[in-house]
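Spelled out, the chains give:
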There are 2 protein chains.
Amino acid sequence: MNSAAIIHCELCQQSGGEVVWDDPHCRVVLIAGPEGHAFPGFCRVIWRAHVCEMGDLLYQQREHLMKIVFLTEMALRRLIQPDKINLASLGNMTPHLHWHVIPRWHNDSHFPAPIWAAPRRAEPQRIRPERDAMHAAMAAALIEFFGAHSTFNSP
Amino acid sequence: MNSAAIIHCELCQQSGGEVVWDDPHCRVVLIAGPEGHAFPGFCRVIWRAHVCEMGDLLYQQREHLMKIVFLTEMALRRLIQPDKINLASLGNMTPHLHWHVIPRWHNDSHFPAPIWAAPRRAEPQRIRPERDAMHAAMAAALIEFFGAHSTFNSP
């Protein structure tokens, strides 16, 4: 990867949100701003290195990243009980590998449409999980997951 | 899962597209109609059983499904060389676990927005891959993948 791409990549230069968990390979961030307001608990799981597609990772790297994505889903479901979880890796605007983990509710501003479609209604008030609560939920999910599946190999 | 949910679920009752690969756990379908026209090669990977979220699967089932999602990405990139791949598991309308594997081009109708946003321009003409070509690309990706990673365990 050339250094110009990295210098101009916002996910190489910035955290992309409040970090609630990280390891040498990826980080989980809680999204603030309008997206975090509309979809409280909205997280992104961001691969550390500047890589474009899932298929550009090695098999063990893909497996590691998806474990963290599903742990984030698990933590969010337990913490805030959304009606649905949406997962997406798009990267058209920011081609640095990241996953959206989006809690959805039947009465949220866009449901049942994807959050990128036009809104259908006003946003209901919801409490946004705080960094510490999300951090604790991630930690609990990690412990449960790796207690049940002890073969956690770093990529 | 109650039987009423299954009777009314279109992914329990129908294939959801032209099947290009399947096994006892999931199938890969090539999407026809307007979505397939706008994004040639658009595939969905559909879990066979009526399950709602990735977190509702067992670990080995999740791993199996994601292997097939990434193989589909690999097959599409090789066959049609899109500029980007978009992956998403939403299921707000049809809460039966399925992954969208969407080839994107810099000049497609929505780029760089997600395909669920408002279109930005007319669709350029593109050749849609045929079932046989997609089938062959999937087979080649499977052989390469499982040649390199021989520990393929069914869930």
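Below is a summary of the structure that appears in this document. Values in this document were obtained by computation on a predicted structure and should not be read as measured data.

Reading the values: rules and limits
- Residues numbered from 1 in each chain as written.
- Chains lettered and ligands numbered in written order.
- Predicted model: local features only at pLDDT ≥ 70, side-chain atom pairs only at ≥ 80, totals over all residues.
- Heavy atoms only, no water.
- Contact = heavy atoms within 4.5 Å.
- Buried area = accessible area lost by both parts, 1.4 Å probe.
- Salt bridge = Lys/Arg side-chain N within 4 Å of Asp/Glu carboxyl O.
- Polar contact = N/O pair within 3.5 Å; in protein donor to acceptor, adjacent residues only side chain to side chain.
- Helix = DSSP H or I, 4+ residues; strand = E, 2+ residues; numbered from the N terminus.
- Nonpolar A, V, L, I, M, F, W, Y, C, P; charged D, E, K, R; others polar.
- Pairing = 2+ DSSP bridges.
- Least-squares fit on C-alpha atoms with pLDDT ≥ 70 in both.

### Focus: the interface of chain B and chain A
- Across the boundary between the two partners, chain B contributes 34 residues, which contact 34 residues of chain A.
- Regarding the contact of chain B and chain A, the summed buried area is about 3,000 Å², with carbon and sulfur atoms giving 58% of it.
- Linking chain B to chain A there are 4 salt bridges.
- The partner of A:K84 in a salt bridge is B:E53, with the nearest N and O atoms 2.8 Å apart.
- For the pair chain B and chain A, the interface holds 20 residue pairs in polar contact (both at pLDDT 80 or more).
- Sorting the residues of the side of chain B that touches chain A by element identifies α4 (59-80), β4 (84-89) and β5 (98-104) of chain B as the ones contributing at least two each.
- A per-element tally of the side of chain B that touches chain A places α4(B) first, with 8 residues.
- Here the side of chain B that touches chain A is built from residues that sort into 18 nonpolar, 6 polar and 10 charged.
- Where strand β4 (residues 84-89) of chain A and β4(B) come together, 3 bridges link them in antiparallel fashion. Note on β4(B): the bridge partner recorded for A:A88 is B:A88.

### A few points about the relation of the copies chain B and chain A
- In the superposition of chain B on chain A (RMSD 0.0 Å, axial shift 0.0 Å), the rotation amounts to 180 degrees. Overall, the copies show the geometry of a two-fold rotation axis.
- Most of the interface of chain B is mirrored in chain A, where 100% of its interface residues are also at the interface.

### Observations regarding the pairing of strand β1 (residues 18-22) of chain A
Residues and elements named next belong to chain A.
- Here β1 runs beside strand β2 (residues 26-30); their pairing, made up of 4 bridges, is antiparallel. In the sheet register, V19 faces β2, and the bridge partner there is V29.
- Taking the residues between adjacent antiparallel strands as the criterion, β1 and β2 are bridged by 3 residues.

Honestly, that's just the spatial picture; any functional story needs more than this.
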